[in-house]
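# What the coordinates show
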Amino acid sequence: RYTARRAGLTGKNTTDEATIDMLFELSKDIWGKKEMVHEGAKSQTVDAKKLAMYLDAAQKYLGDKPFLLYDVATYADVALFHVLNSLEEIAAPIPSFLATAGYTKLQRFVERFRALPPIQRYLASPRRVPLTEKEMGKGSSSYLFMEPVSAAALASVDTRKPEL
């Protein structure tokens, strides 16, 4: 949130800031249930139902808008994209977990976000960190990356203390 505030991605007023914080937390809730993707869109387990509830809320809030709150992205949009894009990658080779599960508005949101030039460049860059075996449902309880982490990804880690 610190970086988002510095970049102007937190909202135009306190009400919008609170809404963006709430939507960011919704993305974290979705992330917490990402392993349910492996059960498939029709799963009726308790955790799969929670994931569906979170995705329903995100889709309802997004509606037909290009982004969650404004005509431009906020940090809540970035967080939601990260989570939903990861769900799609985890579910591969299914064409789209979101579409299969009936979340076509969220699927279009991911497609629109992927098409943004800076996002396209990042997704194609060696700085991108790969998913882990645990995220991919490979039976591992550890966070071993599916591919080696590139030197570029490691070099992009900034360990300096931020200015306050």
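Structure's up top.
Residues numbered from 1 in each chain as written. Predicted model: local features only at pLDDT ≥ 70, side-chain atom pairs only at ≥ 80, totals over all residues. Heavy atoms only, no water.

### Re the layout of surface pockets
Looking at the largest pocket, its volume works out to about 550 Å³. If you trace the largest pocket, you find 22 residues lining it, with E89, Y122, R128, V129 and P130 closest to the centre. For the lining of the largest pocket, the secondary structure elements donating two or more residues are α4 (75-91) and α7 (117-124). The element that contributes the greatest number of residues to the lining of the largest pocket is α4, accounting for 6 residues. (1 Å grid on protein atoms, 1.4 Å probe; cavity = no way out; pocket = protein on both sides within 12 Å on 5 of 7 lines; lining within 4 Å. Points joined across faces, edges and corners; volume = space filled by probe spheres on them. Helix = DSSP H or I, 4+ residues; strand = E, 2+ residues; numbered from the N terminus.)

### Observations regarding the nonpolar core
Counting residues in hydrophobic clusters, the biggest one holds 35 residues, and the most contacted among them are I30, L55, L80, L84, L98, L106 and F109. For this core, the secondary-structure elements that each account for two or more residues are α2 (14-32), α3 (46-62), α4, α5 (97-100) and α6 (104-115). Ranked by the residues each element gives to this core, the list is headed by α4, at 9 residues. The contact partners of F109, leaving out residues within four places of it in the chain, are L62, P66, F67, D77, L80, F81 and L84. (Core = buried A, V, L, I, M, F, W, Y, C linked by side-chain atoms within 4.5 Å. Buried < 20%, exposed > 50% of the residue type's maximum accessible area, 1.4 Å probe, protein only. Contact = heavy atoms within 4.5 Å.)

### Examining α2
For α2, which comprises 19 residues, the first-to-last C-alpha distance of 27 Å matches the rise-based estimate of 27 Å (1.5 Å per residue) to within 8%. All of the buried residues in α2 are D16, T19, I20, L23, L26, S27 and I30. Looking straight down α2, one finds that the buried residues subtend no more than 110 degrees of arc, so they occupy a single side. Looking at the buried residues of α2, the elements they touch are α3 and α4. Capping the start of α2 is the job of one residue whose side-chain oxygen sits 3.1 Å from the backbone nitrogen of T15: N13. (Expected span 1.5 Å × (residues − 1). Arc of directions from axis to C-beta. Polar contact = N/O pair within 3.5 Å; in protein donor to acceptor, adjacent residues only side chain to side chain.)

### Concerning the packing of aromatic side chains
Within the structure shown, the criterion is met by 4 aromatic pairs. Arranged with centres 4.7 Å apart and planes meeting at 15 degrees, the rings of F81 and F113 form a pair that is stacked. A residue pair is termed long-range when its members are at least 10 positions apart, and F81 in helix α4 and F113 in helix α6 qualify at 32 residues. On the basis of relative accessible area, F81 is assigned to the buried category, the value being 7%. A relative accessible area of 3% places F113 in the buried class. Every member of this aromatic cluster is reached through a ring pair, and the members are F67, F81, F109 and F113. When the ring centre of W31 is taken as origin, the NZ or CZ atom of K34, which lies over that ring, is 4.2 Å away. (Phe/Tyr/Trp six-rings, centres within 6.5 Å; stacked < 30°, edge-to-face > 60°. Lys NZ or Arg CZ within 6 Å of the ring centre and 35° of its normal.)

### So, the packing of α2 against α4
Where α2 contacts α4, the axes come no closer than 8 Å and their chain directions differ by 15 degrees. As summarised for this structure, α2 and α4 are arranged roughly parallel, according to the angle between their axes. Relative to α4, the crossing made by α2 is left-handed. Along the contact surface, α2 presents I20, D21, L23, F24, S27, I30 and W31, while α4 presents Y75, A76, A79, L80, H82, V83, S86 and L87. Of the residues contributing to the contact of α2 with α4, the split by class is 11 nonpolar, 3 polar and 1 charged. (Axes fitted to C-alpha atoms, helices over the stretch in contact; angles between N-to-C directions. Parallel < 35°, antiparallel > 145°, perpendicular 65-115°, else oblique. Left-handed = near helix turned anticlockwise from the far one by under 90°. Nonpolar A, V, L, I, M, F, W, Y, C, P; charged D, E, K, R; others polar.)

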